[in-house]
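Breakdown of the fold
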Amino acid sequence: MTSTTTPTVVVYGATGYTGRLVAAELVGRGVPVVLAGRNAERLRIVADGLPTGAAEVAVASLDDDAALLGAVRRGQVVANCAGPFVRTGDPVLRAAIAARVHYLDTTGEQDWIRRTFEVHDTALRGAGVAAVAGAAFDYLPGDLLAHLVGAPLAPLERLSVAYHVVGFGMTRGTQRSALEMLDGRDVAYEEGRWASGGDRPRRASVVFPAPVGRQTVARYPAGEVVMVPRHVETRRVDARISTVSVVPPVAARALPALQPLLERILRTPVKGLLDRAIDRLPEGPPEDERRAARWTVAVTAEAVDGRTASGVVRGPDIYGLTARLIADGALALADPSFAGRGALAPAQAFDPASTLDGLADFGVTYTVDPPRGGSGARSAATRTEAGR
Ligand SMILES: NC(=O)c1ccc[n+]([C@@H]2O[C@H](COP(=O)([O-])OP(=O)(O)OC[C@H]3O[C@@H](n4cnc5c(N)ncnc54)[C@H](OP(=O)(O)O)[C@@H]3O)[C@@H](O)[C@H]2O)c1
């Protein structure tokens, strides 16, 4: 069943680089939008840049529960694009629960995603609504692919996710969230429970499917670590990112060794200084640079019976894709046929295969290789070599 009336989407953080892309994507589809955020003047500038009458404005700071509730009530779903989410997530999600509207967000912060599952799930179910945190480039394609690769082989011994990005010009918001993500408080999923992410081997290389090939990787505090165990039975989940994705090639080999030092530094007041220094950086990549970014997410699964499987998903334009995914996700949640309730991983909220298939026109492609072995054989395509 499909809705006959177009829902209204409240975009919180509509003044940011990503929020503006999300609002423009929704308006481009004829979806009524409420531009929400803390700064009236900046919200008005965003509204003035859209076709006349396409968007309304709602001013609501995070410490004003009544204003937040009033803003969120104006739609059927709220798309939170304001980060870092460890600061913005709780009040916006609480308002969504009070208003009984669905919630999704652009977070890349593992901590916040875990919090939606562990702190907010009961209230979400009580209100009869759903929340999908991490419904953007990070970590929707990876989580959907992990389901397609891992679920047919479950129970799994291990599921591994590896990211590789070329031309990733980060926005100020992404850099601020990275300060929250990289302080070493992330978790690993080991033997069915959370372990310190920092206890994992520091250096490893991953052989990505061609044309990327072998890359030095660092531990990545990714959302899949907390998402995948919710929909694939597995004893372990780990995530890595090629070091050239995040630092210049000259520093790429040294990054794994420097990661523990970086984590310690980010637990001191230096973090606040870095946060303020980000204010002086450009807001984000210009449009041509943004569109030129290319990304690859590779997944391998090892079943307890020794079978292995792998898959890969690729595409362009991290921030443009995020706008596309948040718009698609908001409309899917607002559809009367949507039956999900509580805090959900992307693969629980959205059908993995049809959602990835539906991104073909954006240039997103994926493959899932058939399972192999059964006697402990490992996939050659994306074998992780730890401890090198
Ligand atoms: N997972 C992914 O793939 C993905 C993709 C894109 C973005 N993101 C995440 O989305 C977030 C936003 O990114 P961005 O590029 O849009 O950053 P940005 O350009 O710096 O925008 C940040 C937005 O958050 C708002 N905000 C920040 N702190 C706030 C607070 N205390 N109260 C109310 N509003 C607040 C800002 O409002 P003002 O204008 O009033 O300052 C602005 O609208 C980041 O956390 C980023 O990591 C993730």
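Summarised in this report is the structure supplied together with it. (Residues numbered from 1 in each chain as written. Predicted model: local features only at pLDDT ≥ 70, side-chain atom pairs only at ≥ 80, totals over all residues. Heavy atoms only, no water.)

It is worth spelling out the packing of helix α3 (residues 65-72) against helix α4 (residues 85-99) at this point. Direction vectors running N to C along α3 and α4 enclose 60°, while the axes themselves pass 9 Å from each other. It follows from the interaxial angle that α3 and α4 lie oblique. In the packing of α3 onto α4, the handedness of the crossing is right-handed. Note on element contacts: α4 touches α3 through P91, V92, A95, A96, A98 and A99, opposite L68, L69 and V72. (Axes fitted to C-alpha atoms, helices over the stretch in contact; angles between N-to-C directions. Helix = DSSP H or I, 4+ residues; strand = E, 2+ residues; numbered from the N terminus. Parallel < 35°, antiparallel > 145°, perpendicular 65-115°, else oblique. Left-handed = near helix turned anticlockwise from the far one by under 90°. Contact = heavy atoms within 4.5 Å.)

Side chains of a nonpolar character, in soluble globular proteins, are inclined to be buried together. In terms of nonpolar packing, the biggest core is built from 106 residues, with L35, V78, Y103, L104, L159 and W295 touching the most fellow members. Here this core gets 10 residues from one element, more than from any other, and that element is helix α14 (residues 318-334). Counting residues in each nonpolar core, the second largest holds 7 residues, with A162, A204, F208 and V217 among its members. (Core = buried A, V, L, I, M, F, W, Y, C linked by side-chain atoms within 4.5 Å. Buried < 20%, exposed > 50% of the residue type's maximum accessible area, 1.4 Å probe, protein only.)

Along strand β8 (residues 187-190), one buried face is formed by V187 and Y189 and the opposite face, lined by A188 and E190, is buried too. In this structure, β8 lies alongside strand β9 (residues 193-196), joined through 4 bridges in antiparallel fashion. Each bridged residue has a counterpart across the sheet, and for E190 the counterpart in β9 is R193. Across 2 bridges, β8 lies against strand β12 (residues 236-242) in antiparallel orientation. Considered in β12, the bridge of E190 is made with R236. (Pairing = 2+ DSSP bridges.)

Among the 27 residues in the neighbourhood of the ligand, the closest are listed as T15, R38, T106, T171 and S177. Between the ligand and the protein, one listed contact pairs an oxygen atom with a backbone N or O atom of D138 at 2.8 Å. The contact in question runs from an oxygen atom of the ligand to an N or O atom on the side chain of T171, over 2.6 Å. Relative to its unbound accessible area of 910 Å², the ligand is 88% covered by the protein chains. At the level of elements, α1 (17-28), α8 (172-181) and α14 are the ones that each hand at least two residues to the shell around the ligand. Counting residues per element, the shell around the ligand draws most heavily on α8, which supplies 3 residues. The class makeup of the residues in the shell around the ligand is 9 nonpolar, 14 polar and 4 charged. Composition of the shell around the ligand by domain shows at least three residues from each of domain 1 (9-137 + 319-355) and domain 2 (140-317 + 365-384). (Near = heavy atom within 4 Å. Polar contact = N/O pair within 3.5 Å; in protein donor to acceptor, adjacent residues only side chain to side chain. Areas by Shrake-Rupley, 256 points an atom, 1.4 Å probe, with all protein chains shown as cover. Nonpolar A, V, L, I, M, F, W, Y, C, P; charged D, E, K, R; others polar. Domains from an automatic or database assignment.)

Before going further, it helps to examine the packing of aromatic side chains. Under the defined criterion, the tally for this structure stands at 8 aromatic pairs. Consider the rings of Y17 and Y319, whose centres lie 5.3 Å apart with planes at 75°: the pair is edge-to-face. Note that Y17 is positioned in helix α1 and Y319 in helix α14, a separation of 302 residues in sequence. We classify Y17 as buried; its relative accessible area is 13%. Taking relative accessible area as the criterion, Y319 reaches 6% and is therefore assigned buried. Taking 6.1 Å as the distance between ring centres and 35° as the angle between the ring planes, the aromatic pair formed by F168 and Y319 counts as tilted. With F168 in the loop between β7 (156-166) and α8 and Y319 in helix α14, this residue pair connects regions lying 151 residues apart in the sequence. Put simply, the rings of F137, Y139, Y163, Y220 and W295 pair up and form one aromatic cluster. Over the aromatic face of F117 sits the side chain of R230, whose NZ or CZ is 3.9 Å from the ring centroid. (Phe/Tyr/Trp six-rings, centres within 6.5 Å; stacked < 30°, edge-to-face > 60°. Lys NZ or Arg CZ within 6 Å of the ring centre and 35° of its normal.)

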